[in-house]
Amino acid sequence: AFDSLSLKDQISEMRYLMSHTEAATLDALTIEGKNNFIRQYWKEHDAQRSATDFISQDELVRRYRFVNEHFSAGGGKSDGWRSDRGRIYLKYGPWEERTDQTHPAEGTAYDIWHYRSVKGGYYFVFVDVRAVSDFHLVHSNAPGERYNAAWEEYFRTQLFMYRCPIDRNLTAAIFRQQRSDSAS
């Protein structure tokens, strides 16, 4: 359960759910202040949960364990929450649809997550440019996330730099999503 985690782990899990102001406030507090802040944060958000998309402490712990198990770097199982995919998963939860080519025989690995029921539909495009299972968010239509209108040119430039051929399925998948977004 959330309460059994160390203060450091509690803060790590919560960081992507908090506003920038809340995170800055938390960072400036003493240990006792941080503990009080966390208790108050959950108390306020638990009361609002039925009316919002806010998640429970137990769900946050499940997500945190999942991202550390599946998105940690270098075979470790403790830093997946720091990755772009971990951050998005902690914030939005499991994807509703996934288009992935995370271990292609050739071309560049990518992972596209669709959240169609979240505020009109968001998608996130992650690419592993260096082929080391280190996926970075390169494009999304979600507010506050990396948006790159020239994402295709970015891929060509970056992939040329590393001499990796671009996977044509990636561009087709994104264009399908963009057409369905504009039709909605």
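Residues numbered from 1 in each chain as written. Predicted model: local features only at pLDDT ≥ 70, side-chain atom pairs only at ≥ 80, totals over all residues. Heavy atoms only, no water.

(A) Focus on the overall build of the protein. Of regular secondary structure, the protein possesses seven helices and four strands. Helices (α) and strands (β) of the protein occur, in sequence order from the N terminus, as α-α-α-α-α-β-β-β-β-α-α. If you take every contact in the protein between residues at least 6 apart in sequence, the share linking residues at least 24 apart comes to 41%. On the protein, roughly 10600 Å² of surface is accessible, and the fraction owed to carbon and sulfur atoms is 49%. (Helix = DSSP H or I, 4+ residues; strand = E, 2+ residues; numbered from the N terminus. Contact = heavy atoms within 4.5 Å. Areas by Shrake-Rupley, 256 points an atom, 1.4 Å probe, with all protein chains shown as cover.)

(B) Region of the structure containing the packing of aromatic side chains. All chains considered together, the criterion is met by 17 aromatic pairs. Plain terms: the ring middles of Y41 and W42 are 5.6 Å apart, the flat faces sit at 90° to each other, and that makes the pair edge-to-face. The class of W42 is buried, set by a relative accessible area of 2%. Pairing F66 with Y89 gives two aromatic rings, centres 4.5 Å apart and planes at 20°, and the pair type is stacked. Of the two residues, F66 sits in helix α4 (residues 57–71) while Y89 sits in helix α5 (residues 84–92), which places them 23 residues apart along the sequence. Taking the relative accessible area as the measure of exposure, F66 reaches 26% and is therefore partly exposed. (Phe/Tyr/Trp six-rings, centres within 6.5 Å; stacked < 30°, edge-to-face > 60°. Buried < 20%, exposed > 50% of the residue type's maximum accessible area, 1.4 Å probe, protein only.)

(C) Focus on the packing of α4 against α5. Two elements in contact, α4 and α5, have axes separated by 9 Å at closest approach and are oriented at 160°. Taken as axis vectors, α4 and α5 run roughly antiparallel relative to one another. The two elements α4 and α5 cross, and the hand of that crossing is right-handed. Mapping the contact onto sequence places L60, R63, Y64, F66, V67, H70 and F71 in α4 and R85, G86, Y89, L90, K91 and Y92 in α5. Tallied by class, residues from the contact of α4 with α5 come to eight nonpolar, two polar and three charged. (Axes fitted to C-alpha atoms, helices over the stretch in contact; angles between N-to-C directions. Parallel < 35°, antiparallel > 145°, perpendicular 65-115°, else oblique. Left-handed = near helix turned anticlockwise from the far one by under 90°. Nonpolar A, V, L, I, M, F, W, Y, C, P; charged D, E, K, R; others polar.)

(D) Representation of the nonpolar core in the model. In this structure, F2, M14, Y41, W42, L60, Y92 and F124 are the most contacted members of the largest nonpolar core, which totals 34 residues. Within the residue set of this core, elements represented by two or more residues are α1 (7–14), α2 (20–28), α3 (31–48), α4, α5, β2 (109–115) and β3 (122–128). Per element, the largest residue contribution to this core is five residues, and it comes from α4. Once residues within four sequence positions are removed from consideration, F2 is found in contact with Q10, E13, M14, I38, W42, Q57, L60 and V61. Among the nonpolar cores identified, the runner-up in size contains seven residues, and I112, Y123, V129 and V138 belong to it. (Core = buried A, V, L, I, M, F, W, Y, C linked by side-chain atoms within 4.5 Å.)

(E) Fine view of the side chain of S56. Looking at the secondary structure, you find S56 in the loop between α3 and α4. At 3.1 Å, the side chain of S56 and the backbone nitrogen of E59 are in polar contact. (Polar contact = N/O pair within 3.5 Å; in protein donor to acceptor, adjacent residues only side chain to side chain.)

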